[in-house]
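A closer look at the structure
Spelled out, the chains give:
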Amino acid sequence: MGRLVMKFGGTSVANIDRIRNVARHVKREVDAGHDVAVVVSAMAGKTNELVEWCRDASPMHDAREYDAVVASGEQITAGLLAIVLQGLGIQARSWQGWQIPIRTSDAHASARILEIDGSELINRFKERKEVAVVAGFQGIYPHTGRITTLGRGGSDTSAVAIAAAIHADRCDIYTDVDGVYTTDPRVVPKARRLDKIAFEDMLELASQGAKVLQVRSVELGMVHNMPVFVRSSFDKPEDIDPRGTPPGTLICSEEEIMENHVVTGIAFSKDEAQISVRQIQDKPGVAAAIFGPLADANINVDMIVQNVSEDGATTDLTFTVPASDYTRARDTITGAKARIGYARLDSATDVAKVSVIGSGMRSHAGVAAQAFAALAGRNINIRAITTSEIKFSVLIDAAYTELAVRTLHTLYGLDQV
Ligand code: ADP
Ligand code: ASP
Ligand code: MG
């Protein structure tokens, strides 16, 4: 007998039939004697619709009201699942973030979980074996008592945080794929499912664009050493032996992984924009003059490349920002033109970042060089490069994303045989 968190994403609760299927998964674990807290997302597409409504109402809407609107999707699925579970004869109660409470920071639309009081949920496990159905993605900022949301994909983070708060043995993330693959299986059919992946590698995969888990959920899993198991919600609940090991991927500490491949996986993101500041005087303080105002505007700069300008006398600085910050970033640089002193600003939004990840890179040289040669062989031009201990990324034209990912996937021996 143990204690489990079961998290179900949007496609898994997309309609009442799927919610019934989810309820049968929950029943299976309850029947096996486990204490269960379920965390649910909004129905597929619902959050997008709510975000769109806020934009329609006003492009400059108040972030607190945005949160009041977008948190509602999860409230609906939590209530519906509790109703269906009760119909199966299972004691169940829905919980919104503020009712537990899940205390967060005041960063509306991208709040961080600070503290969760799991005592009431634990009492109810003990006293009446009641299943808790928790609305994911949301919390409360205690100082104002207002609802907050955790950023897109935030229900994963709710799930891992609840698992830590109730001292669960494991956090199961049920989604529309049966695990974490070497790259997005919807883009590369030859992608291979990983049986296990280290928190560090998963953190990089998620940060570089693999949306199967929200980055923050992996960080929390690592901090609390909470095993996270990614698996499919589309498996028939009745076919699963609760004592067996179903298909899926365990995210765990590095020590638990015996096989250590040099490259674990490949992630990509088209949510990038490139800005090149041309012909800057090459003197101390220039980088600060560019990146200071961007930092003040809360814009995250990712890749940075500096090279000699065409005229041979000045320097060019190229960097990337999230596509959603592109206009603000460009305006910030233009606004600081007098202080920076440059001739021209070039930009591109049809770019993509492809990242190769593997903690095995720590002890292997030349991994990135192989990629550069393979991409050149496909005539794919690299606009910028960044490297770190267990990852490197290249910025390329977005049109070549799939080709680049497939080429590198094959190069590093990740293809399914
Ligand atoms: P949910 O609604 O359950 O939270 P998401 O859509 O957020 O599901 O995440 C699951 C999706 O993540 C998959 O459908 C898949 O296309 C995508 N994905 C991207 N990279 C990977 C990867 N490396 N392994 C598995 N899935 C991935
Ligand atoms: N419903 C939210 C979203 O779509 C949270 C989640 O699904 O994890 O971003
Ligand atoms: Mg998700």
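Placed above this text is the structure.
Predicted model only: the values in this text are computed from it and were never measured. (Residues numbered from 1 in each chain as written. Chains lettered and ligands numbered in written order. Predicted model: local features only at pLDDT ≥ 70, side-chain atom pairs only at ≥ 80, totals over all residues. Heavy atoms only, no water.)

**Examining the overall build of the protein**
- When helices and strands are counted, the protein shows 13 helices and 18 strands.
- Taken against the 2.2 N^0.38 rule, which gives 22 Å for 417 residues, the C-alpha radius of gyration of the protein at 23 Å falls within 12% of a compact globule.
- In terms of its C-alpha atoms, the protein occupies a principal-axis envelope of roughly 75 × 50 × 35 Å.
- A total accessible area of about 18,900 Å² is found for the protein, and carbon and sulfur atoms account for 49% of it. (Helix = DSSP H or I, 4+ residues; strand = E, 2+ residues; numbered from the N terminus. Rg over C-alpha atoms; globule rule 2.2 N^0.38 Å. Areas by Shrake-Rupley, 256 points an atom, 1.4 Å probe, with all protein chains shown as cover.)

**As for the sheet that holds strand β14 (residues 304-308)**
- Taking strand neighbours across the sheet as the criterion, the six strands line up as β14-β15-β13-β16-β18-β17 in an open arrangement whose pairing is antiparallel. Pairing within the sheet leaves two strands with one partner each, and these edge strands are β14 and β17 (384-388). Across this sheet, the average inter-strand angle for adjacent strands is 30°, counted without regard to direction.
- Summarising the sheet, strand β16 (residues 344-357) and strand β18 (residues 391-397) pair through seven bridges and their orientation is antiparallel. Across the sheet, V356 pairs through a bridge with F392, a residue of β18.
- Packing of helix α10 (residues 326-335) onto the sheet brings it into contact with β13 (265-280), β15 (315-322) and β16, and relative to β16 it is tilted by some 135°. (Pairing = 2+ DSSP bridges. Axes fitted to C-alpha atoms, helices over the stretch in contact; angles between N-to-C directions. Contact = heavy atoms within 4.5 Å.)

**With respect to the nonpolar core**
- V5, V134, I162, I166, C171, M202 and I251 are the most contacted members of the largest nonpolar core, which totals 42 residues.
- In terms of residue count, the dominant contributor to this core is helix α6 (residues 155-165) (six residues).
- Once you skip the residues sitting within four places of it in the chain, I251 turns out to touch V180, I197, A198, F199, M202, L213, M226, P227, V228 and V230.
- Among the nonpolar cores identified, the runner-up in size contains 23 residues, and F268, V356, L375 and V394 belong to it. (Core = buried A, V, L, I, M, F, W, Y, C linked by side-chain atoms within 4.5 Å. Buried < 20%, exposed > 50% of the residue type's maximum accessible area, 1.4 Å probe, protein only.)

**Let's talk about the site of ligand 2**
- Close to ligand 2 lie S41, A42, T47, E74, F137, R152, G153, G154 and S155, which account for all nearby residues.
- Take T47: an N or O atom from its side chain is 2.8 Å from a nitrogen atom of ligand 2.
- Measuring from an oxygen atom of ligand 2, one finds a backbone N or O atom of G153 at 2.8 Å.
- Surface burial for ligand 2 is 87%, taken as the share of its 260 Å² of free accessible area covered by protein chains.
- Taken together, the residues that form the shell around ligand 2 break down as two nonpolar, five polar and two charged. (Near = heavy atom within 4 Å. Polar contact = N/O pair within 3.5 Å; in protein donor to acceptor, adjacent residues only side chain to side chain. Nonpolar A, V, L, I, M, F, W, Y, C, P; charged D, E, K, R; others polar.)

**Quick notes on the layout of surface pockets**
- The computed volume of the second largest pocket comes to approximately 400 Å³.
- In this structure, the second largest pocket is lined by 19 residues; those nearest its centre are L194, K196, I257, E259 and H261.
- No other element matches strand β10 (residues 196-198), which puts three residues into the lining of the second largest pocket.
- Of the residues contributing to the lining of the second largest pocket, the split by class is seven nonpolar, five polar and seven charged. (1 Å grid on protein atoms, 1.4 Å probe; cavity = no way out; pocket = protein on both sides within 12 Å on 5 of 7 lines; lining within 4 Å. Points joined across faces, edges and corners; volume = space filled by probe spheres on them.)

**Quick notes on the site of ligand 1**
- In the vicinity of ligand 1, 16 residues are found, and the nearest of them are T175, D176, Y181, D184 and R186.
- Contact distances for ligand 1 include 3.2 Å between an oxygen atom and a backbone N or O atom of G10.
- Take R186: an N or O atom from its side chain is 2.8 Å from an oxygen atom of ligand 1.
- Look at ligand 1: alone it shows 570 Å² of surface, and the protein chains cover 88% of it.
- Among the residues making up the shell around ligand 1, the classes are represented as six nonpolar, five polar and five charged.

**Some details on the pairing of β13**
- Counting buried positions along β13 yields 13 of 16 residues, so the element is predominantly enclosed.
- With seven bridges connecting them, β13 and β15 associate as antiparallel partners. Bridge pairing in β15 links I275 to F319.

**Description of the packing of aromatic side chains**
- As enumerated under the stated definition, the model contains three aromatic pairs in all.
- For the ring pair F291 and F319, a centre distance of 5.4 Å and an interplane angle of 75° mean the geometry is edge-to-face. Of this pair, F291 sits in helix α9 (residues 286-296) while F319 sits in strand β15, placing them 28 residues apart in sequence. F319 carries the same exposure label as F291, and that label is buried.
- Over the ring of Y342 we find K337, and its NZ or CZ is 5.2 Å from the ring centre. (Phe/Tyr/Trp six-rings, centres within 6.5 Å; stacked < 30°, edge-to-face > 60°. Lys NZ or Arg CZ within 6 Å of the ring centre and 35° of its normal.)

**Digging into the pairing of strand β7 (residues 138-141)**
- In the sheet, β7 pairs with strand β8 (residues 146-149) via four bridges, with the strands oriented antiparallel. Bridging across to β8, G139 finds its partner in T148.
- Once β7 ends, the chain turns through four residues before running back antiparallel as β8, passing G145 with a positive phi of about 75°.

**Some points on the sheet that holds strand β3 (residues 92-95)**
- Strand order in the open sheet formed by eight strands is β3-β6-β2-β1-β9-β11-β12-β10, with mixed pairing between adjacent strands. Either end of the sheet is taken by a strand with one partner, and the two such strands are β3 and β10. Along the sheet, successive strands turn relative to each other by an average axial angle of 20°, direction set aside.
- Here strand β9 (residues 170-175) runs beside strand β11 (residues 228-232); their pairing, made up of five bridges, is parallel. If you follow I173 over to β11, its bridge partner there is V230.
- Packing against the sheet, helix α7 (residues 199-207) makes contact with β10 and β12 (249-252), and its axis sits at approximately 85° to β10.

**A short note on the side chain of E204**
- Structurally, E204 is set in helix α7.
- No salt bridge forms around the buried E204; measuring N to O, its nearest opposite-charge neighbour K391 is 4.4 Å away. (Lys, Arg positive; Asp, Glu negative; His and termini not counted. Salt bridge = Lys/Arg side-chain N within 4 Å of Asp/Glu carboxyl O.)

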